[in-house]
Amino acid sequence: MGYKLYDLSWPVSNMGPMWPHRGMFEDRMVKRICNHSTGLPGRVSRQVCVWDAIFHSFTHMDAPAHEKTGGYFANQIPLETCYGTGVVVDFRYMKKWDQIRAEDFEKAKPKIKAGDIVIVNTGWQRYWQKKDYFYHNHYPGLVPSGANWLVEHKVKAVGGTWAALDHPMAYAGMREDYFWRYEEYKEDTGRDGEKDFQAYEPCHNILCTHDMLAIEDVGGEIDKVTGLRCTIAAFPAPIEGTIGHQVRVVAIVDDPGKN
Amino acid sequence: MTKLYDLSQTVHNGSVMWPHIADNVISGFPGAFVGRSRANTKEWPLRWRNGLPTYLGHLHGGTHVDAPLYAIDGGISQDKIPLENLFGTGVIVDFRHKKKKWERITAEDFEKATPKIKAGDIVVCNTGWQEYYDKDNYIYFNHYPGMVPSAAEWLIRKKVKGIAGTWPTSDHSLAYYPLKSWMPWLYEEYVGETGKDPAKEFPTFEPCLAMLLKAGITCIQNAGKDIDLITGKRCTLAAFLLAIEKADAGMTRLVAIVDD
């Protein structure tokens, strides 16, 4: 039987974008070194890139070790968690500040089953490298009822076209660091973000402490496979001891017409 | 029931990476080529910055794919390698009888390999040399049995999709003409032991990698780990590499997938 492959990842790029931590934008991602002086035949330049890496960037997972002591580092996650049948669900009806809840997964199509890998299309990837501010601050995000639904339904891995596993307002205690969100949220809704979201990154905690593979910044060709059940592969590269790691998320779709 | 086998070697502090001029620049260590197996310090290539683990190094470490950009003029970068070239049916061939210092892997070895290699296959070669990865890096990098041009030509004629091996690169350990200036310690060792002139035995710099990449064949290096469990089998292989724009290589999780 034939198959077709779809890349649901963004490559590491000097164009970014990166999560708006303080100070991260000083890093140069990829530097090119050319080999003029070491006697390559003809002393031609051969490129060797140096990767100055932040692992929590581009399409990446937050490993269980991110949230729990003794949790898996990225390369320790069992391969079985990173591969298997799954669904790409369509949440593109969602809007700015929307909360992804149990009801959304309950009514999602295709129907989510135990053991699935769930990939969520929020539509927000349309802002990737186009409108950094919208991408990082307004995306529809998981709240605990959604994360708990996934755990209760024995989903083994989840990824989404979201800048983080948690809702953009889930930064209790960090009002000063993300002050613009609180101001805008108040302007839009009339409400205090700190009252509506009283925990710091609760969904990271729920997903990582249950040893799930949890992926952020999914994108690429996701629109082409939204609404399908297919095989998903999301293997981290073999680098030891990292608590975040880029993953190449690939959808493998059966294509009976293809050899 | 699907079973997955991890055929990947990891990069970690203290693991060896193929030595490049880049090493000098990042780490300030002079003479990065000396011994070809200078061990990394405990602070490199992985370290903590801003409260998170980070990486500073080149990409030819652990199990990785070399992009055409790395060896041929006008070659594509690793992020442009089509996913179809990183996935598909393949065979894990047993070359553990070739597990000898400086052994040459030739066309004949592939011709008689089992399972029989077919067009479109991803071929993974188990030479047994992964035994030395991280255990004796001098031996791993300087003495490994490797392909000579007849092997690469065979794979190209066969139209394989990819070639992976329990080796640091697609070329023979001595294929670094002129060896005397590239790897003087290795030159001394080879002449001392065999009395032969490596310039005559291996007159071209990295011939296999260049011809394989030119033919569009995916080249995967440093396979290992659980490969003994799957040697001699046909299965599906995945080598979806960590995509980095315009880069010359990419670390990859090489996985064998067996569906029962």
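Here is a short report on the structure shown in this document. The structure presented is a predicted model; accordingly, all values stated were derived computationally and were not measured.

Reading guide: rules and limits
Residues numbered from 1 in each chain as written. Chains lettered and ligands numbered in written order. Predicted model: local features only at pLDDT ≥ 70, side-chain atom pairs only at ≥ 80, totals over all residues. Heavy atoms only, no water. Helix = DSSP H or I, 4+ residues; strand = E, 2+ residues; numbered from the N terminus. Rg over C-alpha atoms; globule rule 2.2 N^0.38 Å. Buried < 20%, exposed > 50% of the residue type's maximum accessible area, 1.4 Å probe, protein only. Contact = heavy atoms within 4.5 Å. Areas by Shrake-Rupley, 256 points an atom, 1.4 Å probe, with all protein chains shown as cover. Lys, Arg positive; Asp, Glu negative; His and termini not counted. Charge placed at Lys NZ, Arg CZ, Asp CG, Glu CD. Pairing = 2+ DSSP bridges. Axes fitted to C-alpha atoms, helices over the stretch in contact; angles between N-to-C directions. Salt bridge = Lys/Arg side-chain N within 4 Å of Asp/Glu carboxyl O. Core = buried A, V, L, I, M, F, W, Y, C linked by side-chain atoms within 4.5 Å. Arc of directions from axis to C-beta. Parallel < 35°, antiparallel > 145°, perpendicular 65-115°, else oblique. Nonpolar A, V, L, I, M, F, W, Y, C, P; charged D, E, K, R; others polar. Polar contact = N/O pair within 3.5 Å; in protein donor to acceptor, adjacent residues only side chain to side chain.

Remarks on the overall build of chain A
Consideration 1: Assigned secondary structure in chain A consists of seven helices and twelve strands.
Consideration 2: A compact globule built from 259 residues would reach a C-alpha radius of gyration of about 18 Å, and chain A, at 19 Å, matches this within 12%.
Consideration 3: By principal-axis analysis of the C-alpha atoms, chain A measures approximately 65 × 50 × 40 Å.
Consideration 4: Considering chain A as a whole, with its 259 residues, one finds that 58% of them fall into the buried category.
Consideration 5: Residue pairs at least 24 apart in sequence account for 77% of intrachain contacts in chain A once pairs closer than 6 positions are excluded.
Consideration 6: Approximately 10,700 Å² of chain A is accessible, and the part contributed by carbon and sulfur atoms is 50%.
Consideration 7: Of the charged side chains in chain A, 30 are positive and 34 negative, and the gap between their average positions amounts to 6 Å.

Observations regarding the environment of Ala63(A)
Residue and element names in this part refer to chain A.
Consideration 1: On the secondary structure map, Ala 63 appears in the loop between strand S4 (60-62) and strand S5 (83-90).
Consideration 2: Taking the relative accessible area as the measure of exposure, Ala 63 reaches 0% and is therefore buried.
Consideration 3: The spacing of Ala 63 and Val 250 is 187 residues in sequence and 19 Å in space, taken between C-alpha atoms.
Consideration 4: Not counting residues within four places of it along the chain, the set of residues in contact with Ala 63 comprises Tyr 72, Phe 73, Ala 74, Cys 208, Thr 242, Ile 243 and Gly 244.

Comments concerning the sheet that holds strand S11 (residues 234-238) of chain B
Adjacent strands of a sheet form backbone hydrogen bonds with each other and so pair up, either parallel or antiparallel.
Residues and elements named next belong to chain B.
Consideration 1: An order of S1-S13-S11-S5-S7-S9-S10-S4-S12 is seen for the nine strands of this open sheet, with the pairing classed as mixed. The sheet is open, and its two edges are formed by strand S1 (2-6) and strand S12 (249-251), each paired on a single side. Ignoring which end each strand starts from, the neighbouring axes of this sheet average 30 degrees apart.
Consideration 2: Judged from the three bridges that link them, strand S9 (residues 162-165) and strand S10 (residues 218-221) form a sheet pairing that is parallel.

A short note on helix H4 (residues 179-189) of chain A
Residues and elements named next belong to chain A.
Consideration 1: Those residues of H4 lying buried are Arg 181, Tyr 182, Glu 184 and Tyr 185.
Consideration 2: Elements in contact with the buried residues of H4: helix H2 (132-137) and helix H5 (193-196).
Consideration 3: Just downstream of H4, Gly 190 is the residue with a positive phi angle, here 75 degrees.

Comments concerning the pattern of salt bridges
Consideration 1: Applying the stated criterion across every chain, the model contains 25 salt bridges over all chains.
Consideration 2: The residue Arg175(A) makes a salt bridge to Asp192(A) at a minimum N-O spacing of 3.2 Å. One end of the pair, Arg175(A), is in the loop between strand S9 (157-160) and H4; the other, Asp192(A), is in the loop between H4 and H5, with 17 residues separating them in the sequence.
Consideration 3: Taking the relative accessible area as the measure of exposure, Arg175(A) reaches 35% and is therefore partly exposed.
Consideration 4: Among the salt bridges present, the one from Lys98(B) reaches Glu103(B), with a minimum N-O distance of 3.7 Å.
Consideration 5: What you see here is one network of salt bridges that share partners, running through Arg175(A), Asp192(A), Glu194(A) and Lys195(A).

Here's the deal with unusual backbone geometry
Consideration 1: Look at the link from Gly16(A) to Pro17(A): it is a cis peptide, with omega at 0 degrees.
Consideration 2: Residue placement: Pro17(A) occurs in the loop between strand S1 (3-7) and strand S2 (30-34).
Consideration 3: One non-glycine residue, Asp134(B), adopts positive backbone phi at about 70 degrees.
Consideration 4: One can find Asp134(B) in the loop between strand S7 (122-126) and helix H3 (137-142).

A few points about the nonpolar core
Consideration 1: Judged by nonpolar contacts, the single largest core of 59 residues is most densely connected at Trp51(A), Phe105(A), Ile112(A), Val118(A), Leu150(A), Leu207(A) and Tyr55(B).
Consideration 2: Those elements giving two or more residues to this core turn out to be strand S3 (47-54), S5, helix H1 (102-106), strand S7 (117-121), helix H3 (144-152), H4 and helix H6 (202-209) of chain A together with S12 of chain B.
Consideration 3: The element best represented in this core is S3(A), accounting for four residues.
Consideration 4: Every residue in contact with Leu207(A), bar those within four places of it in the chain, is listed here: Leu142(A), Ala147(A), Leu150(A), Val158(A), Leu165(A), Met212(A) and Ala214(A).
Consideration 5: One finds Met61(A), Ala251(A), Leu86(B) and Leu254(B) within the second-largest nonpolar core, a separate group that totals 56 residues.

Overview of the environment of Lys68(A)
Residues and elements named next belong to chain A.
Consideration 1: Mapped onto the elements of the fold, Lys 68 is located in the loop between S4 and S5.
Consideration 2: The exposure class of Lys 68 is partly exposed, given its relative accessible area of 25%.
Consideration 3: Spatially, the C-alpha atom of Lys 68 lies 7.3 Å from that of Cys 208, the residues being 140 residues apart in sequence.
Consideration 4: Not counting the four nearest positions on each side in its chain, Lys 68 is found in contact with Cys 208, Thr 209 and Asp 211.

Examining H3(A)
Residues and elements named next belong to chain A.
Consideration 1: Restricting attention to buried positions, one finds in H3 the residues Gly 146, Ala 147, Trp 149 and Leu 150. Burial along H3 is one-sided: seen end-on, the buried residues are contained in an arc of 155 degrees.
Consideration 2: Summarising the contacts, the buried residues of H3 are in contact with strand S6 (99-100), H1, S7, strand S8 (141-142), S9 and H6.
Consideration 3: Looking one or two places after H3, you find Lys 154, whose phi comes out positive at around 55 degrees.

Details of the packing of H3(A) against H6(A)
All names here are of chain A.
Consideration 1: Taken N-terminus to C-terminus, the directions of H3 and H6 make an angle of 10 degrees; their axes are 9 Å apart at the nearest point. Comparing their axes, H6 and H3 come out roughly parallel. Taking contact as the criterion, the partners of Pro 144, Ala 147, Asn 148, Leu 150 and Val 151 in H3 are, on H6, Pro 202, Cys 203, Ile 206 and Leu 207.
Consideration 2: When grouped by side-chain class, the residues that make up the contact of H3 with H6 number eight nonpolar, one polar and no charged.

Focus: the side chain of Asp248(B)
Consideration 1: As for its position among the elements, Asp248(B) is in the loop between S11 and S12.
Consideration 2: For Asp248(B), the side chain forms a polar contact with the side chain of His60(B), separated by 2.7 Å.
Consideration 3: Setting aside residues up to four positions removed in sequence, Asp248(B) forms contacts with Gln47(A), Val48(A), Cys49(A), His60(B), Asp66(B), Ala67(B), Leu69(B) and Tyr70(B).

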